[in-house]
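One letter stands for each residue in the lines below.
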Amino acid sequence: PGSYSEEHPHIEDSDRWSKKLVWHFDPVDGTAEFCAKMNTGYALNAALLKKREDESYFPVAGIVYRPGDDSLLYNDGLETHFMRDGKELDLEQPSRTNVNGWIRKVDPSSKLKEFYDNVGAHFFIKAQEVPCGGIGASIVDLIEGKINVLAYNYNVTREWDWAMAVPIIRSLGGYVCDLRGNEIHNFNRPEMPDKSQYDLNGMLASIAFTREELLSQVPDNIIEDRLPKSF
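Thresholds applied
Residues numbered from 1 in each chain as written. Predicted model: local features only at pLDDT ≥ 70, side-chain atom pairs only at ≥ 80, totals over all residues. Heavy atoms only, no water. Helix = DSSP H or I, 4+ residues; strand = E, 2+ residues; numbered from the N terminus. Rg over C-alpha atoms; globule rule 2.2 N^0.38 Å. Buried < 20%, exposed > 50% of the residue type's maximum accessible area, 1.4 Å probe, protein only. Contact = heavy atoms within 4.5 Å. Areas by Shrake-Rupley, 256 points an atom, 1.4 Å probe, with all protein chains shown as cover. Lys, Arg positive; Asp, Glu negative; His and termini not counted. Charge placed at Lys NZ, Arg CZ, Asp CG, Glu CD. 1 Å grid on protein atoms, 1.4 Å probe; cavity = no way out; pocket = protein on both sides within 12 Å on 5 of 7 lines; lining within 4 Å. Points joined across faces, edges and corners; volume = space filled by probe spheres on them. Nonpolar A, V, L, I, M, F, W, Y, C, P; charged D, E, K, R; others polar. Disulfide = S-S within 2.5 Å. Pairing = 2+ DSSP bridges. Axes fitted to C-alpha atoms, helices over the stretch in contact; angles between N-to-C directions.

Considerations on the overall build of the protein
Scanning the protein for helices and strands turns up 6 helices and 12 strands. Here the C-alpha atoms of the protein give a radius of gyration of 17 Å, agreeing with the 17 Å that 2.2 N^0.38 yields for 231 residues. Dimensions of the protein, computed from the C-alpha atoms along their principal axes, are close to 55 × 45 × 35 Å. Buried positions account for 48% of the 231 residues belonging to the protein. Considering only residue pairs separated by 6 or more positions, the protein has 66% of its internal contacts joining residues 24 or more positions apart. Split by element, the accessible area of the protein, about 11200 Å² in all, is 52% carbon and sulfur. Placing the 25 positive and 37 negative side-chain charges of the protein at their respective mean positions leaves the two points 2 Å apart.

Describing empty space enclosed by the protein
Which parts of space are left empty comes out when a probe the size of a water molecule is rolled across the atoms. In this structure the tally under the stated criterion is 2 cavities of 30 Å³ or more. Every residue lining the second largest cavity is listed: Trp102, Ile103, Arg104, Asp107, Ser109, Leu112, Asn153, Tyr154 and Arg226. Take the lining of the second largest cavity: its biggest share by element is 3 residues, from strand S8 (residues 99-104). Counted by class, the lining of the second largest cavity contains 4 nonpolar, 2 polar and 3 charged residues.

Looking at the side chain of asparagine 45
Note that asparagine 45 resides in strand S3 (residues 43-51). Every residue in contact with asparagine 45, bar those within four places of it in the chain, is listed here: His24, Phe25, Asp26, Asp29, Ile63, Val64, Gly136, Trp160 and Met164.

Quick notes on the state of the cysteines
Such a bond, covalent and formed between the sulfur atoms of two cysteines, is termed a disulfide. For the structure shown, the criterion picks out 0 disulfides. Of all cysteine sulfurs in the structure, the one in cysteine 132 sits closest to cysteine 35, which takes part in no disulfide; the separation is 19 Å. In this structure cysteine 177 is not part of a disulfide, and its nearest cysteine sulfur, from cysteine 132, lies 19 Å away. Judged by its relative accessible area of 0%, cysteine 177 is buried.

Examining the sheet that holds strand S12 (residues 203-206)
Read from one edge of the open sheet, 3 strands run S10-S12-S11, paired in antiparallel fashion. On the outer flanks of this sheet lie strand S10 (150-152) and strand S11 (175-177), each paired with one strand and no other. Put simply, the sheet's adjacent strands are angled 5 degrees from each other on average, direction ignored. As paired strands, S11 and S12 are joined by 3 bridges and run antiparallel to one another.

This is the structure we're talking about:
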């Protein structure tokens, strides 16, 4: 009851803000990747949101399912689990040997290359961009170790892009914040004329590198004032 998806229209009298627990779903995260037939570029996301005393909502459990390779990543409120082909896999310690930074294969950004190069130069290690899919599918890549920094620099993101990742990554000692260092504290936000339901400063996630290490290397102009490409 009260649960909703990305495609749900905003309804003023919806009961979704009266519930203590609601699910929100993104049925296909990475639509462009799905249309481009990137087998591991799209995913199905879900986050369980809990209402707090101040009436705000926060994700307490999350699921990412990548059907292209039958990868299931979920946090049950306590622990994060990773499965492929029905078998649970061990979660390995993330590597800091190189900077392996996310970049969206269907819509690359030169500003992200500058950021990853800055981090690599700071630590005197190799930095490279790793072409990946949408955010949900790339959370799998982050947990699996294909990438160790995920910086998303569009200035228009919504909560279903990231909410499911918060409990998953935090339980493993990592973090999710925006590219200015702010955590997103309120989810299940209604649509507003001032667009306050959007996250305007991108997103940053890592387990291998601390928030302070990465934020100190973020270029001032990293945020891109444009919508993600779609087909």
